[in-house]
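# Survey of secondary and tertiary structure
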Amino acid sequence: MRIVFLGPPGIGKGTQAALLAKRRGLTHTSTGTIIRAAIEAGTPLGEEARKYVQDGHLVPDRLVCVLAETAIAERDYDQFVLDGYPRTIVQAEWLTEFLETHEAPLDAAINLEVPTDVVVDRLSKRRVHRTTGENYHLDFKPPPPDIDPSLIIQRTDDRPEYIRKRLEVYRKETRPVEEYYEARGILRNVEGVGDVEDVYSRIEDMLLSSAIEKKPS
Ligand code: ADP
Ligand code: ADP
């Protein structure tokens, strides 16, 4: 199964991609996580990416495609979930070509959909563990009390002043990627409202009804 997740920041891509990967034995690659790790480690690529991420802009395609290629090549062409990639038409075209050369086309581009106010709530109340990267939400998935609170942080780009900017960037740069996959017949819109397991069930149902995965016997 080869899947990409689309949808604006905060919609739940990382949460659902991680669940799907874990339960279906797929590798999970989040370009955002890889980029943040590169920034944290101070690699040349991280240094170059830093200013874009901090300002809520997309990192240039030439940097991100190298990252994505390395991640997919190092892992598995056949069994993966990509989360937060592709985010531009250039990236989508690059991915199509890359996978074609490996005869491993995508099965589905899952596009999560929720009203904007829900996205803003999820994004503004997201917290992350500084070292493990585990995601929390102040209301729906509060950090457990035994974790040192100083390790639970808010991403700088999740602060309210950046949220509007990032949603705008999504509309401008990534919305066309939905149309790109729609034209190729693999866009699958999934309602993202409700708790995590409800959304996950909808994804599983969609995979079954699209015959992307056969029912276990
Ligand atoms: P979110 O989970 O809020 O959607 P991510 O963690 O996926 O955000 O990404 C955080 C930031 O990393 C983005 O705002 C952008 O600056 C950069 N980034 C991640 N993936 C990509 C990509 N595919 N293309 C360009 N920039 C990216
Ligand atoms: P994305 O990767 O699209 O930016 P995340 O998976 O990081 O989104 O989710 C954003 C925030 O919303 C996180 O704090 C996460 O815990 C929370 N969240 C994710 N899915 C749900 C859901 N179905 N209901 C409530 N909160 C959710």
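Structural notes, computed from the coordinates. (Residues numbered from 1 in each chain as written. Chains lettered and ligands numbered in written order. Predicted model: local features only at pLDDT ≥ 70, side-chain atom pairs only at ≥ 80, totals over all residues. Heavy atoms only, no water.)

## As for the packing of aromatic side chains
To keep things clear, this is the line we draw: Under the pairing criterion, centres of Phe, Tyr and Trp rings, with the six-membered ring standing for Trp, must be within 6.5 Å; the plane angle then separates stacked pairs below 30 degrees from edge-to-face pairs above 60, leaving the rest tilted. By definition, any uninterrupted DSSP run of H or I lasting at least four residues is a helix, any uninterrupted run of E lasting at least two residues is a strand, and each is numbered from the N terminus. Buried means the residue's accessible area, taken with a 1.4 Å probe over protein chains only, is under 20% of the maximum for its type, while exposed means over 50%, and partly exposed covers the values in between. A ring has a charge above it when a Lys NZ or an Arg CZ is no more than 6 Å from the ring centre and no more than 35 degrees off the ring normal.
For the coordinates displayed, the defined rule picks out four aromatic pairs. Plain terms: the ring middles of Y77 and F98 are 6.0 Å apart, the flat faces sit at 55° to each other, and that makes the pair tilted. Taken as a pair, Y77 in the loop between α4 (61-74) and β3 (80-83) and F98 in helix α5 (residues 89-101) lie far apart in primary sequence, 21 residues in all. Given the relative accessible area of 27%, Y77 is considered partly exposed. Under the relative-accessibility criterion, F98 is labelled buried at 10%. The interplanar angle of 85° and the centroid separation of 5.1 Å between the aromatic rings of Y180 and Y181 together place this pair among those described as edge-to-face. The ring of Y200 has R23 lying over it, and the distance from NZ or CZ to the ring centre is 4.7 Å. Here the guanidinium or amino end of R184 rests over the ring plane of Y180, the centre of that ring lying 3.6 Å away.

## With respect to the sheet that holds strand β2 (residues 27-30)
Where we set the bar: Paired strands, in this sense, are two strands between which DSSP finds at least two bridges. To get an axis, a line is fitted to the C-alpha atoms, and for a helix only the part in contact is used. The angle between two axes follows their N-to-C directions and goes from 0 to 180 degrees.
A sheet is described by the order of its strands in space; here five strands give the open sequence β2-β3-β1-β4-β8, paired in parallel fashion. Every other strand in the sheet has two partners, leaving β2 and β8 (187-191) as the edge strands with one partner each. Averaged over all neighbouring strand pairs, the angle between strand axes comes to 20°, with direction disregarded. Sheet topology places strand β4 (residues 108-113) next to β8; five bridges connect them, and they run parallel. Residue pairing across strands places I110 opposite R188, the latter belonging to β8.

## Some points on the packing of helix α6 (residues 116-124) against helix α7 (residues 160-183)
How two helices pack is summed up by the angle between their axes together with the distance between the axes. Basically, it comes down to this: Our angle categories are set so that under 35 degrees counts as roughly parallel, over 145 as roughly antiparallel, 65 to 115 as roughly perpendicular, and the remainder as oblique. The hand of a helix crossing depends on one turn: near helix anticlockwise from the far one by less than a right angle means left-handed, and clockwise means right-handed. By definition in these notes, contact holds between two residues if any of their heavy atoms fall within 4.5 Å. When residues are grouped by polarity, Ala, Val, Leu, Ile, Met, Phe, Trp, Tyr, Cys and Pro land in nonpolar, Asp, Glu, Lys and Arg in charged, and all others, Gly among them, in polar.
Contact geometry for α6 and α7: axes closest at 11 Å, N-to-C directions at 130°. Here α6 is positioned oblique relative to α7, judged by the angle of their axes. Where α6 crosses over α7, the two elements pack in a sense that is right-handed. Across the interface between the two elements, T116, V119, V120, L123 and S124 from α6 touch I163, R166 and L167 from α7. Tallied by class, residues from the contact of α6 with α7 come to five nonpolar, two polar and one charged.

## As for the site of ligand 2
Worth spelling out the cut-off: If a single non-hydrogen atom of a residue is within 4 Å of a molecule or strand, that residue counts as near it. Polar contacts, as counted here, are pairs of nitrogen or oxygen atoms within 3.5 Å of one another; within protein the pair requires one atom able to donate a hydrogen and one able to accept it, and residues that are adjacent in sequence qualify only if both atoms are side-chain atoms. Note that accessible areas follow from Shrake-Rupley with a 1.4 Å probe, and for residues the cover is restricted to the protein chains shown.
Around ligand 2, the surrounding shell holds 17 residues, and the nearest of these are G10, T15, R126, N135 and Y136. R126 has a polar side-chain atom sitting 2.7 Å from an oxygen atom of ligand 2. For ligand 2, whose unbound accessible area comes to 560 Å², protein coverage reaches 93%. Looking at the shell around ligand 2 residue by residue, the classes come out as six nonpolar, seven polar and four charged.

## Side note on the site of ligand 1
Residues in contact with ligand 1 amount to 19 residues; listed here are only the nearest, T31, R36, H57, R126 and R166. Here a nitrogen atom of ligand 1 and a side-chain polar atom of T31 are 2.8 Å apart. Relative to its unbound accessible area of 550 Å², ligand 1 is 96% covered by the protein chains. A total of four residues in the shell around ligand 1 trace back to one element, the largest contributor, which is helix α2 (residues 31-41). Looking at the shell around ligand 1 residue by residue, the classes come out as seven nonpolar, five polar and seven charged.

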